Amino acid sequence: MYDKGKIIPGLIVFVLIAVSPIIYNRGNAGHVPNPEKPKNAKECVRPVAEMRESHMQMVIDWRTDVIRDNGAREAVTAGGVKYVRSLQLGCMKCHTSKQKFCDECHKYASVEPYCWDCHIAPEEKD
Amino acid sequence: MKVLQSVLLVLALVVVGFVVAIIPGGQALIGKVLPYLAFAVFLLFFIVKVVGWAKSPVPFRIPTTAGQEKSLPWVKQSRFDNPSTTGGVIVRMLLEVTMFRSLFRNTKAEMHDGPYLAHGSSKYLWLFALIFHYSFLVVVLRHLRLFLNPVPGLIQALGGADGFLQVLSPGLYISDLTIVLGLVLLFGRRLVRPQIRYISLVNDYFPLVLIFAIATSGILMRYIIRPDIINIKQLAVGLATFHPVIPGEMGTIFFVHLFLVCCLLVYFPFSKLMHMGGVFLSPTRNMANNNRMVHHDNPWNDPAIKPHSYAGYEDEFREVMKEAEIPVEKE
Ligand code: HEM
């Protein structure tokens, strides 16, 4: 092998970069999100699986429907509970803490919805 | 025909990924076992390939460069295009890797009536390659948010910058548009120009189609067929901590995406994609042009054969030369 002095360090750097996520985590999977369940309600506006997968599309669809297409502002859950199709007056009426609910997952998945630039999150109790 | 073959091959891989993902145990196979296998094959054969290259001797500095070499003091040297020092080589290599300078010098040749041959500059390949490679880099770096916990600020900031348009929810990433654009342009280039189509092989089209399929499945997954990202992150972090788990429903499309990525990793070291490592070993980029300053031994010379100077030659054959009336330097 020629140029060992350059090629072997180069390969070591390459392997270190490739396995850097393993080194970074150091075998510790860290905190897994545990969003707080609402105490004042039994069910979400849709089945939980669907909420976990698609709530980001749902909130923006509500926005478009309510604000731009003059859609209904209110709807009922499968169990017959009335709710407002709104971020502040809907989601956050049942999920009363942004930090303990939305942010739990969002920090984990590294998303920062810009909705809160304008919309006001409920006051955190503690 | 070659295009069709590549597309069919990738479609076959999609079908395999899909079928394995819906049979029982298949998700564990793709999610927990295959990534390790694919990653190991990728790393191992990447190294094998580079070591194999490093074993080939390079006898001489190869100065196929685009600038004035170091010469007399009053001739201006092109320091980075034709470097004579290691520092110059490092700058040339950096420019090559980050700016694709040799693609910038791409030319085209055309026949005109006359007939005469015309050469012109052709920057398309350079532009398309830049679009594609930087988008790919950004997409891969952003994916680290799925593997690292907690997510470093830098990765988060990159996602924020990439999504700064703030349209759609989840927010649209610009790199998702540009990676597809880059792929389509690179693919189109091979189709549109007859000369390039003539020299294109299945292994030129196949990686483009495969990466296209990976990007499309990812984009579908983000904007249309949404899987549960929290579960997926648990799997990904699990992989990076050697405790892979399947924490719940993740959607078939995710497993197709992951399966295709594993195929790409396995394919990588055996294909032209190795230019990622190869660029650092290309003799015309990584060697200082110092042929006139430094003595370079030919590495495959037999050490038993000693150099034979003219003086020595004359000593050996002086008598015979004189007989043949060949002039000699020393009587
Ligand atoms: C060659 C490597 C890969 C490429 C080129 C690629 C490409 C893409 C693209 C273009 C997207 C669209 C959304 C975005 O840009 O974030 C995407 C999404 C996604 N990819 Fe990949 N991917 C790769 C590897 C992986 C791996 C190894 C995983 C395994 C965890 C993965 C999981 C995902 C997931 C979960 C999404 C959806 C993200 C979301 O909804 O925000 N990808 N991929």
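These numbers were taken from a predicted model, which means no experiment stands behind them.

1. So, the nonpolar core
For step 1, the next point in the chain: Formed by 33 residues in total, the largest nonpolar core has its most connected members in B:Phe46 and B:Leu210.
For step 2, the next point in the chain: Only helix H1 (4–18) of chain A together with helix H2 (26–54), helix H5 (124–147), helix H7 (174–192), helix H9 (202–223) and helix H11 (252–267) of chain B provide two or more residues apiece to this core.
For step 3, the next point in the chain: The greatest single-element share of this core, amounting to nine residues, is contributed by H9(B).
For step 4, the next point in the chain: Among all residues touching B:Phe46, those that are not within four sequence positions of it are A:Phe14, B:Val41, B:Phe268, B:Pro269, B:Met274, B:Met276 and B:Gly277.
For step 5, the next point in the chain: Counting residues in hydrophobic clusters, the runner-up holds 13 residues, among them B:Ile30, B:Leu235, B:Phe255 and B:Phe259.

2. Considering helix H3 (residues 86–99) of chain B
Residue and element names in this part refer to chain B.
For step 1, the next point in the chain: With 14 residues, H3 extends 19 Å between its outermost C-alpha atoms, agreeing within 8% with the 20 Å of an ideal straight helix rising 1.5 Å per residue.
For step 2, the next point in the chain: Within H3 the residues assigned to the buried category are Gly88, Val89, Arg92, Met93 and Glu96. On an axial view of H3, the arc spanned by its buried residues comes to 135°, and they lie on one face.
For step 3, the next point in the chain: In this structure, the buried side of H3 is in contact with helix H4 (101–104) and helix H13 (283–286).
For step 4, the next point in the chain: Phe100 lies just past H3 and shows a positive phi near 55°.

3. Examining the layout of surface pockets
Residues and elements named next belong to chain A.
For step 1, the next point in the chain: Within this model, the second largest pocket holds a volume of roughly 410 Å³.
For step 2, the next point in the chain: Put simply, the parts of the chain that give the lining of the second largest pocket at least two residues each are helix H3 (48–68) and helix H4 (87–94).
For step 3, the next point in the chain: Grouping the constituent residues of the lining of the second largest pocket by class yields ten nonpolar, four polar and four charged.

What counts as what
- Residues numbered from 1 in each chain as written.
- Chains lettered and ligands numbered in written order.
- Predicted model: local features only at pLDDT ≥ 70, side-chain atom pairs only at ≥ 80, totals over all residues.
- Heavy atoms only, no water.
- Core = buried A, V, L, I, M, F, W, Y, C linked by side-chain atoms within 4.5 Å.
- Buried < 20%, exposed > 50% of the residue type's maximum accessible area, 1.4 Å probe, protein only.
- Helix = DSSP H or I, 4+ residues; strand = E, 2+ residues; numbered from the N terminus.
- Contact = heavy atoms within 4.5 Å.
- Expected span 1.5 Å × (residues − 1).
- Arc of directions from axis to C-beta.
- 1 Å grid on protein atoms, 1.4 Å probe; cavity = no way out; pocket = protein on both sides within 12 Å on 5 of 7 lines; lining within 4 Å.
- Points joined across faces, edges and corners; volume = space filled by probe spheres on them.
- Nonpolar A, V, L, I, M, F, W, Y, C, P; charged D, E, K, R; others polar.

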